[in-house]
2 protein chains.
Amino acid sequence: MVSHNWPPQNQGAKKPHVVIIGGGFGGLTVARNLRRAPVNVTLIDKANHHLFQPLLYQVATASLSPGHIAMPLRAIFRGQKNVRVLMNRVGEIRAAEKKIRLVSGDEFAYDYLVIATGARHSYFAHPEWEKNAPGLKSLADALRIRQKILATFEKAEAMLAVLQGNDWVRGGADGLPARTVGREDDAELRKLLTFVVVGGGPTGVEMAGAIAEIAHHTLKKEFRGIDPRTTRIILVEGGEHLLMAFPGSLGENARRVLEKLGVEVRTGAVVKSVMYDGVYIDDEFVSAANVFWAAGNTASTLLKTLGTPLDRAGRAVVNAQLAPENFPEISVIGDAAHCLDSAGGGPLPGVAPVAIQQGQYVAKKILANLRSSKLTDFHYWDKGSMATIGRGRAVAKVGRLHLTGFIAWLMWSLIHVLYLVGFRNRFAVMILWMYSYITNSRAVRLITSDDL
Amino acid sequence: MVSHNWPPQNQGAKKPHVVIIGGGFGGLTVARNLRRAPVNVTLIDKANHHLFQPLLYQVATASLSPGHIAMPLRAIFRGQKNVRVLMNRVGEIRAAEKKIRLVSGDEFAYDYLVIATGARHSYFAHPEWEKNAPGLKSLADALRIRQKILATFEKAEAMLAVLQGNDWVRGGADGLPARTVGREDDAELRKLLTFVVVGGGPTGVEMAGAIAEIAHHTLKKEFRGIDPRTTRIILVEGGEHLLMAFPGSLGENARRVLEKLGVEVRTGAVVKSVMYDGVYIDDEFVSAANVFWAAGNTASTLLKTLGTPLDRAGRAVVNAQLAPENFPEISVIGDAAHCLDSAGGGPLPGVAPVAIQQGQYVAKKILANLRSSKLTDFHYWDKGSMATIGRGRAVAKVGRLHLTGFIAWLMWSLIHVLYLVGFRNRFAVMILWMYSYITNSRAVRLITSDDL
């Protein structure tokens, strides 16, 4: 049962061991860029797959299947003999000993360590809110949210079916009057058909737009009791406009598009409390069965075990070679890192292009170190940012160029499809998008768990 | 929030109400065939989707996504105005009152009732075995099994990674010896890498073949610690050959193909007990972390509330018009019915073509009843049976014609793809099969839940 594939053959003695924690954009890029390097790589992730996070909201809103946006890490690296993949959780970094410790207690020694653990949602010191306002960071999250959304409409329909049930068998003439929808039923229905999305960044904007499309377009003809078009979708953002990381004009464009889709946009508004049956937006209680969290980012608590300075979001502060204080053999990249933009301004944002470029740099750094050659500092080349707002519309910023509408969406689609790992995924997603766009359907509206 | 789509407009008074319990092959066929009938139809299913069950094992073994083999019932019937879909569970049939009662306590009255509730696995009076030997009847089942299979290989690899962990960083010369795989580790690994499939019918044969392909082919190059080809797969069948519903020669063909794939086939063998860490096959204990149940069928307990005769598998006995004793307005079809083959022999098997033909008949029966016209008895036209055994091989029986091998598999593929609901599904599955067949890959090897 034990194979003889590890360590790879014919390598002489003591090839350096690179341990990469995290198989997202950053970690994946480092591993791939080390394919010709004279090192052995262990890539550890708590999931068994690489996840294309920008499209996660499409799984959550039933446009794509998990299989379209994720690929098993083992499949990605099957041909790269100097990489082994482990599905496991790291509990502690023992930087002084150059070891990591798994939650199981077992340890690995490393010569180089790359920490690319990504980010989690921040509930602003209210972790108890997570239960009633789930976030969207993993496939499990996305499937849970999809389940919630679809089940909500089913419940509302079931409620009404029972109320309307037999009135047309008996008719009015038979003496048994149709039950009318009473005030209590009304309030329950209203709660079921209200969605609140917290956070007006790209994820929140995408989610709100997608839910509005489901409710107001896709499901329009599929229910006999409820009218899905009366669904309320509220998007709450604390800043003065949506997409605070973008210029105000693009944020305003996003607002207009969302409002046209039927979303109520509230900027300069803060969620004060999350209950099981609704939220307090400032001082107003909104009764809602579905609250989704897309606000705030905080880094993995694993970084605390590094013992080096962290910022307020828990990210590890790194220097211009992406290393934390005192540990040149460690690199922290992606959403886990607080890395100042060499062009000035604040730290680099937690977006995919940053993680990818940092990953490429770290691979170069390791190679330079092995050869004892010189290394320049890391510079991020900002090629632009974009966010979709719904079917066929997006906003994009490339340098001083602002784009909106369909052109921006085309660009967004092309770039995202190109970055999808694996030819099969790219092809399948493209076909599915074309199909969905033309038919305005939601391809994967399945409730696959046993209970509602 | 309340729409005015129900009941459908312009229908005059008191259109007859047809209630269909179950949205599988049988229930779906009845509903679709009533599209021009002057009736209102309520279709109730505990899931929100129609499931193409013959391909469920491919979701369980990571070849297909749920989205390929299931379609939301609402989407199927969106254009059929006289059908409404409810996701709900029926608790009781009050046949004397012509009502059904949901588990919530609410009731619906009907003029015609169609019971198409399908079948569950039978654990032969040992329901406690289900926990350690899950079956394969729903998408939730399939995803759970997929999870188990993939997680098993991950766990085994993680075990070995820790054991082998650092030996090539230290090498032999550094004084820290590589840990060897000890006897205890060996037993644990052996248990992890052993799969037992119980039941040698089509589902069991398909599952065993697919797991063998994953282990012995697909994953071959993806692990560095374990050698997946040393996985043991045991298929246990109580009858004298596999595929007892087929002629013995086809059963023997299936055996040979499976053995070539690396499956240990045990016929005339019975599982005496299922434990958390293995099974007793006759008197031999086999240590296995994965036991899957594909044996025995029993009908839904809902049928007991009918109060009419049931057979030993809990199926309702029906007459030549598919109605139970004393209730001509009720029809029971598909796996839920004990219906004698008019051509002689025992009751009709629980396979899709039977359910579909019965569904067509029931729709005709209802129409005939509405028009007070004559109705012939139900006759099943046996167009043949088939089962796959692995990539590119199957057995098929059409009348006296027996087919095996690739030709049979082509036929099987074509027929199954044709019957898949929805053009999109057919197209996608065909493309995916061609891709998988050519590349010998498993397209959807994702672990999407939070824990292993």
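Let me begin by describing the structure that accompanies this report. Within each chain, residues carry numbers counting from 1 in the order of the written sequence. By the order in which they are written, chains take letters starting at A while ligands take numbers starting at 1. Predicted model: local features are reported for residues with pLDDT of at least 70 only, side-chain atom pairs are reported and counted for 80 or more only, and whole-chain, interface and lining totals are derived from all residues. The side-chain quantities take in all heavy atoms of the structure and omit both hydrogens and water.

**Overview of the overall build of chain A**
Turning to step 1, where the next piece is worked out: For helices the rule is a DSSP run of H or I covering at least 4 residues; for strands it is a run of E covering at least 2, with both sets numbered from the N terminus onward. Per the secondary structure count, chain A includes twelve helices and 24 strands.
Turning to step 2, where the next piece is worked out: Buried residues in chain A amount to 58% of all 452 residues.
Turning to step 3, where the next piece is worked out: Two residues qualify as a contact provided that any one of their heavy atoms is within 4.5 Å of a heavy atom in the partner residue. Here the analysis covers contacts within chain A between residues at least 6 apart in sequence; of these, 65% occur between residues at least 24 apart.
Turning to step 4, where the next piece is worked out: Accessible area for chain A stands at about 18800 Å²; split by element, carbon and sulfur atoms hold 53% of it. For the exposure calls, accessible area comes from a 1.4 Å probe over protein chains only, and a residue counts as buried if that area is under 20% of its type's maximum, exposed if over 50%, partly exposed in between. Per-residue and other accessible areas were derived by the Shrake-Rupley procedure at a 1.4 Å probe size, with only the shown protein chains allowed to occlude residues.

**Side note on the sheet that holds strand β9 (residues 112-115) of chain A**
Residue and element names in this part refer to chain A.
Turning to step 1, where the next piece is worked out: Being paired, for any two strands, means DSSP has found at least two bridges between them. Strand order in this open sheet of five strands is β5-β2-β1-β9-β20, and the pairing throughout is parallel. One side of each edge strand has no neighbouring strand; the edge strands of this open sheet are β5 (83-87) and β20 (330-332). With strand direction ignored, the average angle separating the axes of adjacent strands in the sheet is 15°.
Turning to step 2, where the next piece is worked out: Note: strand β1 (residues 17-21) against strand β2 (residues 40-45), five bridges, orientation parallel. Note on β2: the bridge partner recorded for His17 is Asn40.
Turning to step 3, where the next piece is worked out: Working convention: axes come from line fits to C-alpha atoms, limited for helices to the stretch in contact. Angles between N-to-C directions cover 0 to 180 degrees. Strands in contact with helix α1 (residues 25-33) are β1, β2, β5 and β9; relative to β1, the strand with the most contacts, it is inclined by about 160°.

**Examining a nonpolar patch on the surface**
Turning to step 1, where the next piece is worked out: What makes a patch is a set of residues exposed beyond 30% relative accessible area and free of salt bridges, joined within 9 Å when like-charged and within 5 Å when nonpolar (Val, Leu, Ile, Met, Phe, Trp, Tyr). The term salt bridge refers to a pairing of a side-chain nitrogen on Lys or Arg with a carboxyl oxygen on Asp or Glu at a separation within 4 Å. A cluster of nonpolar side chains, contributed by Met275(A), Tyr276(A), Tyr280(A) and Phe285(A), occupies part of the molecular surface with about 410 Å² of accessible area.
Turning to step 2, where the next piece is worked out: Topologically, Met275(A) is positioned in strand β14 (residues 271-275).

**Details of the sheet that holds strand β7 (residues 99-102) of chain A**
Residues and elements named next belong to chain A.
Turning to step 1, where the next piece is worked out: Taken together, three strands build an open sheet; the order of strands is β6-β7-β8 and the sheet is antiparallel. The sheet terminates laterally at β6 (90-94) and β8 (107-109), the two strands that pair on one side only. Strand-to-strand twist of the sheet, defined as the mean angle between neighbouring strand axes without regard to direction, takes the value 20°.

**Some thoughts on α1(A)**
Turning to step 1, where the next piece is worked out: The buried count for α1(A) comes to seven of nine residues, which makes it a mostly enclosed element.
Turning to step 2, where the next piece is worked out: Taken residue by residue, α1(A) has Phe25(A), Gly26(A), Gly27(A), Leu28(A), Thr29(A), Val30(A) and Ala31(A) as its buried positions.

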